[in-house]
Structures are given as structure tokens and as C-alpha cells.
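# Survey of secondary and tertiary structure
Chain by chain, the residues run as shown.
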Amino acid sequence: MNWTRISNALKFQQWAFREIQRRVEYKAEEYDIEVDTVAPQFTSQRCSHGEYGFTHEDNRDGDEFECLKCGKELHADYNAARNVAWRLVQNWLKSGSGRATSQRALKSGTVNANGDFNASAV
Ligand SMILES: [Zn+2]
């Protein structure tokens with residue numbers, strides 16, 4: 001096991017993430033789009049279906065998400081994206097920024113402050 005290599009990989013990963021973030025913010029500003037960040041922890045393990053938000057590491061198996069509690073099956077990335085949107089709205093509610101009535105647009109639907117997901121035809 002080469003710990004130097006592992007530590008460098010982690011540093012590179014952190015650098016790459018910051019770099020992506022920096023570029024997204026730069027481009028967004030150009031188009032007058034606001035950028036928010038959310039903590040990614042457990043967004044891939046949390047069930048985005050319903051309000052209870054059942055979270056378990058075994059919910060996810062590679063690209064597949066299947067909730068151990070309600071049996072909901074989704075693509076793992078799609079499920080995580082819904083959780084990211086949900087968490088963003090939670091942050092807005094906590095910060096009282098007045099955007100709690102906002103809806104976050106996802107490619108194929110929206111998530112509102114109650115965590116309700118509305119799929120829409122694209
Ligand atoms: Zn579930």
C-alpha cells in the first residue's frame with residue numbers, strides 16, 4: 001500500500017472539485033445565475049421518495065438505488081440529485097432567505113420545500 005500515492009490522489013480530488021466549483025461559479029455569474037453548494041454526505045444513500053428520508057448504505061448498489069424500507073427503485077445518480085435538490089431547499093428554509101417557496105428545477109421535474117417531487121415531461 002502506497003500511502004503517499006493515496007494522499008496525493010485525495011489532494012488531487014479536492015483540487016479538482018474546487019476547480020470545477022470555481023469554473024461553475026465563474027460561468028454562472030456570466031449568465032446571472034446564482035450558485036449554491038450543499039453537503040453531499042449521504043445523498044447517495046438516502047431514499048428521495050417520500051418524506052421520511054430513509055438512509056442506509058445498502059440502499060445503493062452501484063448504479064442502482066433500491067430503498068430497503070419502501071422498495072423504491074431509481075437510478076442511483078438520479079436519486080442522489082433529488083436529495084441534493086431537497087437539501088438545498090432545506091438550507092434555504094433554515095437560512096430564512098425567503099426562497100423557501102422556490103422550486104429547484106431538475107432536468108425532469110422539480111423538488112419543493114416539502115420534499116415533494118413532481119416529474120414533468122421534457
Ligand atoms: Zn424509501
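Treat the numbers as computed from the prediction; the structure is a model and nothing was measured. (Residues numbered from 1 in each chain as written. Predicted model: local features only at pLDDT ≥ 70, side-chain atom pairs only at ≥ 80, totals over all residues. Heavy atoms only, no water.)

### Section: the pattern of salt bridges
Test applied: Salt bridge criterion: a side-chain nitrogen from Lys or Arg within 4 Å of a carboxyl oxygen from Asp or Glu. The helix and strand labels rest on DSSP assignments: H or I over at least four residues marks a helix, E over at least two residues marks a strand, and numbering proceeds from the N terminus. Relative accessibility under 20% of the residue-type maximum defines a buried residue, over 50% an exposed one, and the middle range a partly exposed one, all with a 1.4 Å probe and only protein chains included.
Counted according to the given criterion, the structure contains four salt bridges. A salt bridge links D77 to R60, with the shortest nitrogen-to-oxygen separation between them at 4.0 Å. With D77 in helix α2 (residues 76-95) and R60 in strand β1 (residues 60-61), the pair connects residues that are 17 residues apart, well separated along the chain. Note on D77: relative accessible area 47%, which makes it partly exposed. Ionic contacts of the salt-bridge type, sharing partners, join the residues E19, R22 and R23 into one network.

### Here's the deal with a negative patch on the surface
Where we set the bar: A residue counts toward a patch only above 30% relative accessible area and without a salt bridge, and it is joined to like-charged neighbours within 9 Å or, for Val, Leu, Ile, Met, Phe, Trp and Tyr, to nonpolar neighbours within 5 Å. For every accessible area listed, the method is Shrake-Rupley and the probe measures 1.4 Å; residues are considered covered only by the protein chains on display. Counted as positive: Lys and Arg. Counted as negative: Asp and Glu. His and the chain ends are not counted at all. In plain terms, the charge of a residue is placed at NZ if it is Lys, CZ if Arg, CG if Asp and CD if Glu.
On the surface, a cluster of negative charge is contributed by E57, D58, D61, D63, E64, E66 and E73. Note on placement: E57 falls in the loop between α1 (3-30) and β1. Taking relative accessible area as the criterion, E57 reaches 59% and is therefore assigned exposed.

### Concerning the coordination of the zinc ion
Just so we agree on the cut-off: For Na, K and Ca the donor cut-off is 3.2 Å, while for other metals it is 2.8 Å, and in both cases only N, O and S atoms qualify; water is not among them, so sites may look incomplete. In these descriptions, tetrahedral denotes four donors with every angle between 85 and 135 degrees, square planar four donors and octahedral six donors with opposite donors over 155 degrees apart and the rest between 65 and 115, and irregular any other case.
Taken together, C47 (SG), Y52 (OH), C67 (SG) and C70 (SG) make up the full set of protein donors to the zinc ion, lying 2.1 to 2.3 Å away. One way to put it: the four donor atoms around the zinc ion meet at angles of 80 to 125 degrees, and that makes the site irregular. Coordination of the zinc ion draws on donor residues from a single chain, spaced C-x4-Y-x14-C-x2-C in sequence. Remark: C67 occurs in the loop between β2 (64-66) and β3 (73-75) and C47 occurs in the loop between α1 and β1; sequence separation between them is 20 residues.

### A look at unusual backbone geometry
Positive phi, close to 60 degrees, is recorded for D32, a residue that is not glycine. For D32, a relative accessible area of 72% puts it in the exposed group.

### Points about the confidence of the model for the chain
As a reminder of what qualifies: Each residue carries a pLDDT score, the predictor's own confidence in it, on a scale running from 0 to 100.
Looking at the chain, the pLDDT average stands at 81 and 76% of residues meet or exceed 70. Within the chain, the element-level pLDDT minimum falls on strand β4 (residues 104-106), averaging 55, and the maximum on β2, averaging 97.

### Regarding the packing of aromatic side chains
Inclusion rule: The pairing test for Phe, Tyr and Trp rings, Trp by its six-membered ring, is centres within 6.5 Å, and the orientation test on the planes gives stacked under 30 degrees, edge-to-face over 60, and tilted for anything in between. When the NZ atom of lysine or the CZ atom of arginine is within 6 Å of a ring's centre and also within 35 degrees of its normal, the charge is said to sit over that ring.
Enumeration according to the criterion identifies one aromatic pair in this entry. Ring geometry for F12 against W15: centres 5.7 Å apart, planes inclined by 35 degrees, an arrangement best described as tilted. Here F12 and its partner W15 are both found in helix α1, three residues apart, which amounts to about one turn of the helix. Residue placement shows R46 over the ring face of W86; its charged tip is 3.6 Å from the ring centre. The ring centre of Y52 lies 4.7 Å from the NZ or CZ of K69, which sits over that ring.

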